Amino acid sequence: MASEESPMLVRTPHEAIYDRFAPDKKRWILFHVSFVGLLAMFIQVTFVPSIPRIAKDLDLTDAVVSLAFSISIFATAIGALIWASYSSFYGRRTIYLWGMSFLCVGSCGVALSASLQSLLFWRFVQMFGCSGALSLGIGVIGDLYKLEERGTAIGEFFSITLIGYTVGPFVGGAATQYWSWRNLHYSICAWALLEMLFIYLSLPETSHPGTLGIDKLPSRRSIHIVWINPLSTLWLLRSPNLFAVMLASALMVSTIYVLVVPMAYTIGVQYGITNEAIIGAFFLPNGLGSFTGALIAGRLSDIVIRRWREKRRGAWCPEDRLRATWIGGLIIVPLSVGASGLITTYIGGPIGLALNILCLYANGVGVDSVTNPINSYNVDVLHSRSAEATAACIASWSLILSATSALIVPSIERIGVAWTNIIAAVFAVIGQGIIFLTIRYGDRMRASIDVGFSTIENN
């Protein structure tokens, strides 16, 4: 019998749904969707180092070609909402296949582009196709893993997907420098075709039986097309809880952008680095830090959930998972971004460069120590619409971070690297304060506007 200090956590009848797949099968599915996410992250960051060479080949300016980066952000926001909305109706597997088909066509189109208009159009199609990979992947994890396991699974998912973010800039820069940006996108097309084949042959539908919209139709045609308003997914953010954690995570992720977006103008200028491949390689420590932070935070958030349920004699409070964010959000993120600004401004030579690399790594650890528990929290509180909740968060991030990206370089030119980074550090602390308020008043916030929150009986 469990003691009063450490009561046994009772297994709910709903948890039997998570036994549909054997553990080895779950691992294979997790590995598979993680590699789709890796491809998506890789595509997002390989384009930036290619901008100068694309501009030269198409006889355009860097600023004009950079419009494709803004197009990418818009496509990611819209695509994430659309794919997540339709995955709740048609299922994860079907939407994965559609997304990969758009990605294949878009990648070939980018490689064949001969004008600005064609480049922008095909870059939009390419990013639209891969934009659902993260939200669909988290939705699949929510389908497969129960409450006390999904934080670890989401951590493993992001640790693999972030490999794409880690190596993408270096590969993009090296391919541009020593090979061809067109051949790079042909290779991405081939990769996407291979992923689509694997999905078709070996990825089962993971949505819980009877939960898909198409399963609830009184009669079905062989081809059944419905209209689902993707913007309705954003309406989930009317919940104070979901909006608060979205905003907090956006403030944390913005510190990565403050460090890496102007890297050629900060670290590059201060330490005399001009080679695109070398500048791209400076993404590696930040990506490695994200890899580390995702693994640690995922497992830690599950431990926190279990311990607080034991303290409450089996009662579940969703906001307990957010307690795993404290060290990353309050200490590591603000210190790393603030220190990097000061080091870049006042410390030159190899010592300054080495310290900046350390700050980039620490920032990656800290940011994912916050965003991973938040992603798991979104699945916890809205399990039946986990992909949509994640997509709403990603789309909102995209809009906030696009505005942030546009302000970073002008801010550095006006007030300097040090003050720009310090301001970002202050916003990160504000973000952690928002998380604290959500932990403290989460139950009241959920009660104020109910968007269909999950309970322990159906989570």
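Here we summarise the structure given alongside this text.

So, how was this worked out
Residues numbered from 1 in each chain as written. Predicted model: local features only at pLDDT ≥ 70, side-chain atom pairs only at ≥ 80, totals over all residues. Heavy atoms only, no water. Helix = DSSP H or I, 4+ residues; strand = E, 2+ residues; numbered from the N terminus. Contact = heavy atoms within 4.5 Å. Expected span 1.5 Å × (residues − 1). Bend = angle between axes of the 7 residues up to and from the residue. Patch = residues over 30% accessible without salt bridge, like charges linked within 9 Å, V, L, I, M, F, W, Y side chains within 5 Å. Areas by Shrake-Rupley, 256 points an atom, 1.4 Å probe, with all protein chains shown as cover. Salt bridge = Lys/Arg side-chain N within 4 Å of Asp/Glu carboxyl O. Buried < 20%, exposed > 50% of the residue type's maximum accessible area, 1.4 Å probe, protein only. Axes fitted to C-alpha atoms, helices over the stretch in contact; angles between N-to-C directions. Parallel < 35°, antiparallel > 145°, perpendicular 65-115°, else oblique. Left-handed = near helix turned anticlockwise from the far one by under 90°. Nonpolar A, V, L, I, M, F, W, Y, C, P; charged D, E, K, R; others polar.

1. What to know about the environment of A392
Next up, step 1: Of note, A392 is situated in helix α16 (residues 386-415).
Next up, step 2: With 159 residues separating them along the chain, A392 and T233 place their C-alpha atoms 6.0 Å apart.
Next up, step 3: When sequence neighbours within four positions are dropped, the list of residues in contact with A392 reads L81, T233, L234 and L237.

2. A closer look at α16
Next up, step 1: Its 30 residues give α16 an end-to-end C-alpha distance of 41 Å, which sits within 8% of 44 Å, the value for a rise of 1.5 Å per residue.
Next up, step 2: The axis of α16 is deflected most strongly, by about 30 degrees, at I408, and proline P410 appears within four residues downstream.
Next up, step 3: Count one or two residues on from α16 and you reach G416, which has phi positive near 95 degrees.

3. Considering a nonpolar patch on the surface
Next up, step 1: The grouping of W326, I327, L330, I331, L335, V429, F436, L437 and Y441 at the surface amounts to a nonpolar patch, some 820 Å² of accessible area in total.
Next up, step 2: If you list the elements that add at least two residues to the nonpolar patch, you get α14 (326-346) and α17 (417-448).
Next up, step 3: Here the nonpolar patch gets five residues from one element, more than from any other, and that element is α14.
Next up, step 4: Accessibility expressed as a relative area gives 32% for Y441, which makes it partly exposed.

4. So, the packing of helix α10 (residues 240-260) against helix α15 (residues 349-381)
Next up, step 1: In contact at an axis separation of 10 Å, α10 and α15 are set at 160 degrees when each is read in the N-to-C sense. Put simply, α10 runs roughly antiparallel to α15. The hand of the α10/α15 crossing is left-handed. Residues N241, L242, V245, S249, M252, V253, T255, I256, L259 and V260 of α10 form the contact with α15, whose own contacting residues are L360, N363, V367, V370, T371, I374, Y377, N378 and V381.
Next up, step 2: Residue composition of the contact of α10 with α15, grouped by class: 13 nonpolar, six polar and no charged.

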